[in-house]
Amino acid sequence: MTRIAAVHAALPPYRYEQAELTDAFAAICLPDGKGHALLRRLHENAGVSYRHLALPLERYGVLKDFGEANDEWIATAVELGAEAVGGALAAAGLGVEDVDLLMFTTVTGVAAPSIDARVAVRLGLREDVKRLPLFGLGCVGGAAGIARVHDYLTAWPGHVAVLLSVELCSLTLQRDDSSLPNLVGGALFGDGAAAVVMTGSEVSGSTEGPTVLATRSRLYPDSERVMGWDVGSGGFRIVLGADVPDVVRRYLGDDVTAFLAEYGLTVPEIGTWVSHPGGPKVLEAVSDTLRLRPGALDMTWKSLDAVGNLSSSSVLHVLGDTLRLDPSGTGLLLAMGPGFCSELVLLEW
């Protein structure tokens, strides 16, 4: 079986309380002073107490344009990416020479050469390492990345693969934009990275960490405008529909039930839930539609509170936090994102 050998999360050093971010974002997004009450209400109800940012807070108001913001994204992404990959390999007891595949997922910046290439050079990965950068998966990218690495290792069971996610959501914030999606995004999203080391069934070494039993992808109909980006001269302008929780309630329960049934399982038999945080309304929809036991998503709620929504990195942070609890039995890792789509990963400890 494909095994998750280690997870290492990395966060930028600039950490702020939510209230401090509220005032700063008001000055950036609402310079005319209108809408401050709505912004404050959104920030207070986001379920977030702290967030980490790629830059010191005072830098955001003076970024000239998308090009300057993206340059900062590249520099920070390489630093955090190298820290995450190096930490994950060390935790797995492996070296940079052992890596056969480096997969990279993001939705908050662009670079060519891509961040995986720059991290590979920084850390000294082998010259024949395979690289696979993925863009556009958004919040589902962490779960989808694990699933796609599993696909690769099923074909190459003697290989070691690393999934790297870096999301610097703060650098996509649109100035002078009072639209509700921009204000909601400014209340929820933070910056961070994570790396996951996975090994094929023929790789000898530690037997710790869960195995991936199966995966399932689902693309939902007529949902392209539920979540995503509109790209303009100012960079990435968030598309975030109010109907995200409704889509979750409409589809996720049946998807999870049918997926588990194929492996002789039911929702109550899942002992560990590793969910992308989304936001409070999304998490409530997940709990309701799956009829989860009280406390099943506590680790996800704690992650949302501590660092905010980190897009594709979030579910990997939750996975890392979960592994430290040393769970046992069967688990399900899940996330949803642009498409609109979901990804399910069945795990066994």
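Residues numbered from 1 in each chain as written. Predicted model: local features only at pLDDT ≥ 70, side-chain atom pairs only at ≥ 80, totals over all residues. Heavy atoms only, no water.

The protein chain appears in an unreviewed UniProt entry as Isopalmitoylresorcinol synthase from Kribbella amoyensis.

Caption draft 1: Up close: the packing of aromatic side chains. As enumerated under the stated definition, the model contains 7 aromatic pairs in all. Judged by centre distance (5.2 Å) and plane angle (25°), the rings of Trp-229 and Phe-236 are stacked. Looking at Trp-229, the relative accessible area reads 22%, which means it is partly exposed. Taken together, Phe-66, Phe-135, Trp-229 and Phe-236 form an aromatic cluster joined through their ring pairs. Its end group placed over the ring of Tyr-50, Arg-15 keeps NZ or CZ at 3.8 Å from the ring centre. For Lys-130, the ring lying beneath its charged end belongs to Trp-156, and the centroid distance is 5.4 Å. (Phe/Tyr/Trp six-rings, centres within 6.5 Å; stacked < 30°, edge-to-face > 60°. Buried < 20%, exposed > 50% of the residue type's maximum accessible area, 1.4 Å probe, protein only. Lys NZ or Arg CZ within 6 Å of the ring centre and 35° of its normal.)

Caption draft 2: Focus on the sheet that holds strand E8 (residues 211–219). Across the sheet, which stays open at both edges, the 9 strands sit in the order E5-E4-E6-E7-E1-E8-E13-E12-E11 with mixed pairing between neighbours. Bordering the open sheet on either side are strand E5 (130–135) and strand E11 (272–275), each of which pairs with just one other strand. On average, each strand axis in the sheet is inclined to that of its neighbour by 25°, with strand direction left out of account. Sheet topology places E8 next to strand E13 (residues 341–348); 8 bridges connect them, and they run antiparallel. What sits directly across from Thr-211, in E13, is Glu-348. (Pairing = 2+ DSSP bridges. Helix = DSSP H or I, 4+ residues; strand = E, 2+ residues; numbered from the N terminus. Axes fitted to C-alpha atoms, helices over the stretch in contact; angles between N-to-C directions.)

Caption draft 3: The arrangement of the packing of helix H1 (residues 18–29) against helix H2 (residues 36–44) in detail. Contact pair H1 / H2: the axes reach a minimum separation of 10 Å and the direction vectors enclose 150°. Taken as axis vectors, H1 and H2 run roughly antiparallel relative to one another. Handedness of the H1/H2 crossing: right-handed. Facing H1, whose interface residues are Gln-18, Leu-21, Thr-22, Asp-23, Phe-25 and Ala-26, H2 presents His-36, Leu-39, Arg-40 and His-43. Here the contact of H1 with H2 is composed, by residue class, of 4 nonpolar, 4 polar and 2 charged. (Parallel < 35°, antiparallel > 145°, perpendicular 65-115°, else oblique. Left-handed = near helix turned anticlockwise from the far one by under 90°. Contact = heavy atoms within 4.5 Å. Nonpolar A, V, L, I, M, F, W, Y, C, P; charged D, E, K, R; others polar.)

Caption draft 4: Region of interest: the environment of Ala-120. Here Ala-120 shows up in helix H4 (residues 115–123). Between the C-alpha atom of Ala-120 and that of Leu-21, which follows or precedes it by 99 residues, the distance is 34 Å. Aside from chain neighbours lying at most four places away, what touches Ala-120 is Leu-102 and Leu-125.

Caption draft 5: Just the environment of Leu-180, in detail. Considering the arrangement of structural elements, one finds Leu-180 in helix H6 (residues 180–188). The class for Leu-180 is partly exposed, based on a relative accessible area of 48%. As for Leu-180 and Leu-260, which are separated by 80 residues in sequence, their C-alpha atoms are 37 Å apart. Those residues in contact with Leu-180 that sit more than four places away from it in its chain are Leu-38 and Leu-42.

Caption draft 6: Here's a closer look at the packing of H2 against H6. Relative to each other, H2 and H6 sit at 40°, their axes nearing to 8 Å. As summarised for this structure, H2 and H6 are arranged oblique, according to the angle between their axes. Seen along the crossing, H2 lies across H6 with a hand that is right-handed. Across the interface between the two elements, Leu-38, Leu-39, Leu-42 and His-43 of H2 pack against Leu-180, Leu-183, Val-184, Gly-186 and Ala-187 of H6. Broken down by class, the residue content of the contact of H2 with H6 amounts to 7 nonpolar, 2 polar and no charged.

Caption draft 7: Quick peek at helix H3 (residues 66–92). Here H3 is 27 residues long and its end C-alpha atoms lie 37 Å apart, about the 39 Å a rise of 1.5 Å per residue gives. Structurally, the start of H3 carries an N-cap: the backbone nitrogen of Gly-67 is 3.2 Å from a side-chain oxygen of Asp-65. Gly-93 lies just past H3 and shows a positive phi near 70°. (Expected span 1.5 Å × (residues − 1). Polar contact = N/O pair within 3.5 Å; in protein donor to acceptor, adjacent residues only side chain to side chain.)

Caption draft 8: The arrangement of the domain arrangement of the protein chain in detail. Taken domain by domain, the protein chain holds domain 1 (3–199) and domain 2 (211–348). Centre-to-centre separation of domain 1 and domain 2, based on C-alpha positions: 18 Å. Taken together, the contact between domain 1 and domain 2 spans 56 residues of the former and 43 residues of the latter. For the pairing of domain 1 and domain 2, the buried interface totals around 3800 Å² over both sides, and the portion due to carbon and sulfur atoms is 67%. Sorting the residues of domain 1 by area buried against domain 2 places Phe-66, Cys-139 and Gln-174 first, and these three jointly supply 16% of that buried surface. For the pair domain 1 and domain 2, the interface holds 1 salt bridge. Note that Arg-148 and Glu-343 form a salt bridge whose closest N and O atoms lie 3.2 Å from each other. (Domains from an automatic or database assignment. Buried area = accessible area lost by both parts, 1.4 Å probe. Salt bridge = Lys/Arg side-chain N within 4 Å of Asp/Glu carboxyl O.)

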